[in-house]
Amino acid sequence: AATQLPLQPGPLSQIGPLVESDVDSILIPEGFSVRRVARAGLPASLGFTPWHQAPDGGAVFMADDGGWVYVSNSESTPGGVGALRFNASGEVTDNYRILRNTRRNCAGGATPWQTWLSCEEVGDGLVYECDPFGDADSAVAHPALGIFNHEAAAVDMPTRSVYLTEDSGSGRLYRFTAIGNAPAINGREGLNLDAGL
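Right, let's walk through the structure included here. On a predicted model such as this, the values are computed, not experimentally measured, just so you know.

## Details of the sheet that holds strand β14 (residues 161–166)
Judged by pairing direction, the sheet is antiparallel, and its three strands sit side by side in the order β13-β14-β15 without closing on themselves. Edge strands, defined here as strands with exactly one partner in the open sheet, are β13 (150–156) and β15 (173–177). Each strand axis lies, on average, 20° off the axis of its neighbour in the sheet, ignoring direction. Where β13 meets β14, five bridges bridge the pair, whose relative direction is antiparallel. Paired with alanine 154 across the two strands is tyrosine 163, which belongs to β14.

Structure follows, in structure tokens:
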């Protein structure tokens, strides 16, 4: 017999049926709202925050002032990573790049030390570590995480591992085990992504 995980339903398990919203026909639960904060490929003069082409993997990082930053990869060439800064009231206050001049940045993953790992989805692709609150000049490539057709990255602190997936029909799952800690690009201490097994 199959073993079931002892998982309890989450707080959104009883939200009811989805209904069509007035934003791009997005389906949302009754009583919820949705708003457009950016639009890929459209100029700011049309009332939207300009955004990069082909948005892909992303994450949210909390700010000390109660706001947050949403980062999103651009799966185009050139690619990179864009960031939207929100204040504590949920208003967009800034729009900037945290990675430039890369190719087909697909998925990636957030680190426990509050950086973003952006993965290039090309045969000689790299993983770049980006500061959500920084700029594109502070991004760092980590060749020790492999040079291949990357998809996603996930950090497991108890085992000091970074798990990386490959975007290919015969793709593999890779594990990088860090040797030691190192200061991250945002000044916090994280795993050393330049030395490992």
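Once the structure has been displayed, the description carries forward.
## Re a nonpolar patch on the surface
Together, Leu12, Ile15, Leu18, Leu27 and Phe32 give the surface a local cluster of nonpolar side chains, amounting to about 480 Å² of exposed area. Structurally, phenylalanine 32 can be placed in the loop between β2 (27–29) and β3 (38–40). Relative accessible area serves as the criterion here: at 44%, phenylalanine 32 is assigned to the partly exposed category.

## Describing the side chain of asparagine 105
With respect to the helices and strands, asparagine 105 occurs in strand β9 (residues 105–110). Among the residues examined, asparagine 105 registers a relative accessible area of 0% and is labelled buried. Among the polar contacts listed, one links the side chain of asparagine 105 to the side chain of serine 118, at a separation of 2.9 Å. Once residues lying within four places of it in the same chain are set aside, the contact partners of asparagine 105 are Asp56, Asn73, Ser74, Glu75, Gly79, Gly80, Leu99, Ser118, Cys119 and Glu120.

## Observations regarding the sheet that holds β9
Ordered by their spatial adjacency, four strands build an open sheet running β9-β10-β11-β12, and the pairing between neighbours is antiparallel. Two strands lie at the open edges of the sheet, namely β9 and β12 (140–141), each paired on one side alone. Here two bridges tie strand β11 (residues 127–130) to β12, and the two strands are oriented antiparallel to one another. Directly across from glutamate 129, in β12, lies its bridge partner valine 140.

## Here's the deal with the environment of leucine 197
As for its placement among the helices and strands, leucine 197 is situated in the segment after β17 (189–191). In this structure the C-alpha to C-alpha distance between leucine 197 and valine 81, which are 116 residues apart in sequence, comes to 28 Å. Among residues more than four places away in sequence, those in contact with leucine 197 are Arg175, Phe176, Thr177 and Ile179.

## Focus: the pattern of salt bridges
According to the stated counting rule, one finds seven salt bridges in the structure shown. With a closest N to O distance of 3.5 Å, arginine 103 and glutamate 120 form a salt bridge. Separated by 17 residues along the polypeptide, arginine 103 in the loop between β8 (92–99) and β9 and glutamate 120 in strand β10 (residues 116–120) bring together distant segments of the chain. On the basis of relative accessible area, arginine 103 is assigned to the partly exposed category, the value being 30%. Taking the relative accessible area as the measure of exposure, glutamate 120 reaches 2% and is therefore buried. Among the ionic pairs, glutamate 121 bridges to arginine 104, the shortest N-O distance being 2.4 Å. Of this pair, glutamate 121 sits in the loop between β10 and β11 while arginine 104 is found in the loop between β8 and β9, placing the two residues 17 residues apart along the sequence. If you follow the salt bridges from partner to partner, you end up with Glu75, Arg104 and Glu121 in one network.

Procedures and definitions
- Residues numbered from 1 in each chain as written.
- Predicted model: local features only at pLDDT ≥ 70, side-chain atom pairs only at ≥ 80, totals over all residues.
- Heavy atoms only, no water.
- Pairing = 2+ DSSP bridges.
- Helix = DSSP H or I, 4+ residues; strand = E, 2+ residues; numbered from the N terminus.
- Axes fitted to C-alpha atoms, helices over the stretch in contact; angles between N-to-C directions.
- Patch = residues over 30% accessible without salt bridge, like charges linked within 9 Å, V, L, I, M, F, W, Y side chains within 5 Å.
- Areas by Shrake-Rupley, 256 points an atom, 1.4 Å probe, with all protein chains shown as cover.
- Salt bridge = Lys/Arg side-chain N within 4 Å of Asp/Glu carboxyl O.
- Buried < 20%, exposed > 50% of the residue type's maximum accessible area, 1.4 Å probe, protein only.
- Polar contact = N/O pair within 3.5 Å; in protein donor to acceptor, adjacent residues only side chain to side chain.
- Contact = heavy atoms within 4.5 Å.

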